[in-house]
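Now for the letters of each chain:
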Amino acid sequence: MSTIKKQPLSQEELLTVGPLRLLTESVTHNTKIAISLRNNHKMFANIRFFDKHFNMVLENVKETWVIRDGKQVHQRARFISKMFLRGDNVILVVKAAE
């Protein structure tokens, strides 16, 4: 039985075929993405820069979250023109619905 050794992906391949492909496409085509965070907040934004750890510089960010007060539920939102998001807070990144 022979074992097949997989060659590690080059830096360019990581950005075009791996999970970072969505971020690369968002930067090049200037499309919005939706990000779910560890604190149950959601962000809808344009990506300007990112790295392999999912650290991102975001622009035109709309952040939304829910506050529960007993039986009442309050939807909150705010706008942030430019921000840095640390990658260890990111749970999920998807294309935002247009």
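This text goes with the structure placed above it.
Source: prediction; values computed, not measured. (Residues numbered from 1 in each chain as written. Predicted model: local features only at pLDDT ≥ 70, side-chain atom pairs only at ≥ 80, totals over all residues. Heavy atoms only, no water.)

The subject of this paragraph is the side chain of Thr 64. Assignment of secondary structure puts Thr 64 in strand 3 (residues 56–69). Setting aside anything within four residues of it in sequence, one finds Thr 64 in contact with His 41, Lys 42, Phe 44, Gln 75, Arg 76 and Ala 77. (Helix = DSSP H or I, 4+ residues; strand = E, 2+ residues; numbered from the N terminus. Contact = heavy atoms within 4.5 Å.)

Bringing the sheet that holds strand 5 (residues 90–95) into the picture now. Two strands in a sheet stick together by hydrogen bonds in their backbones, pointing the same way (parallel) or opposite ways (antiparallel). An order of 4-3-2-1-5 is seen for the five strands of this open sheet, with the pairing classed as antiparallel. At either margin of the open sheet sits one strand with a lone partner, and together these are strand 4 (72–85) and strand 5. Each adjacent strand pair in this sheet contributes to an overall mean axis angle of 30°, direction not counted. Packing against the sheet, helix 2 (residues 21–29) makes contact with strand 1 (32–37), strand 2 (42–50), strand 3 and strand 5, and its axis sits at approximately 80° to strand 2. (Pairing = 2+ DSSP bridges. Axes fitted to C-alpha atoms, helices over the stretch in contact; angles between N-to-C directions.)

What follows concerns the pattern of salt bridges. Here the structure, examined in full by the defined rule, presents six salt bridges. One salt bridge in this structure joins Glu 25 and Lys 95, with 3.9 Å as the shortest N-O distance. Remark: Lys 95 occurs in strand 5 and Glu 25 occurs in helix 2; sequence separation between them is 70 residues. Glu 25 sits in the partly exposed class, given a relative accessible area of 27%. A relative accessible area of 55% means that Lys 95 is categorised as exposed. In this structure, a network of salt bridges that share partners links the residues Arg 21, Glu 25 and Lys 95. (Salt bridge = Lys/Arg side-chain N within 4 Å of Asp/Glu carboxyl O. Buried < 20%, exposed > 50% of the residue type's maximum accessible area, 1.4 Å probe, protein only.)

The next thing to look at is helix 2. All of the buried residues along helix 2 are Leu 22, Leu 23 and Ser 26. Taken around the axis of helix 2, the buried residues stretch over an arc of 100°, which confines them to a single face. Turned more than 90 degrees off the buried face of helix 2, the exposed positions are Thr 28 and His 29. In this fold, the buried residues of helix 2 make contact with strand 1, strand 2, strand 3 and strand 5. At the exit of helix 2 stands Asn 30, carrying a positive phi of roughly 55°. (Arc of directions from axis to C-beta.)

What follows is about the nonpolar core. Core analysis: the largest hydrophobic core is formed by 17 residues, its most contacted members being Ile 35, Met 43, Met 56, Leu 58, Leu 85 and Val 93. Where this core is concerned, the elements lending two or more residues are helix 2, strand 1, strand 2, strand 3, strand 4 and strand 5. Once you skip the residues sitting within four places of it in the chain, Leu 58 turns out to touch Ile 35, Met 43, Ala 45, Asn 46, Ile 47, Ser 81, Lys 82, Met 83 and Leu 85. (Core = buried A, V, L, I, M, F, W, Y, C linked by side-chain atoms within 4.5 Å.)

Time to look at the pairing of strand 3. As paired strands, strand 2 and strand 3 are joined by seven bridges and run antiparallel to one another. Residue Met 43 lies in a different strand from strand 3, and its bridge partner there is Glu 63. Two successive antiparallel strands, strand 2 and strand 3, enclose a turn made up of five residues, where Phe 54 displays a positive phi of approximately 70°. One ladder, built from 13 bridges, connects strand 3 with strand 4; its direction is antiparallel.

All we've got here are geometric facts, nothing functional implied.
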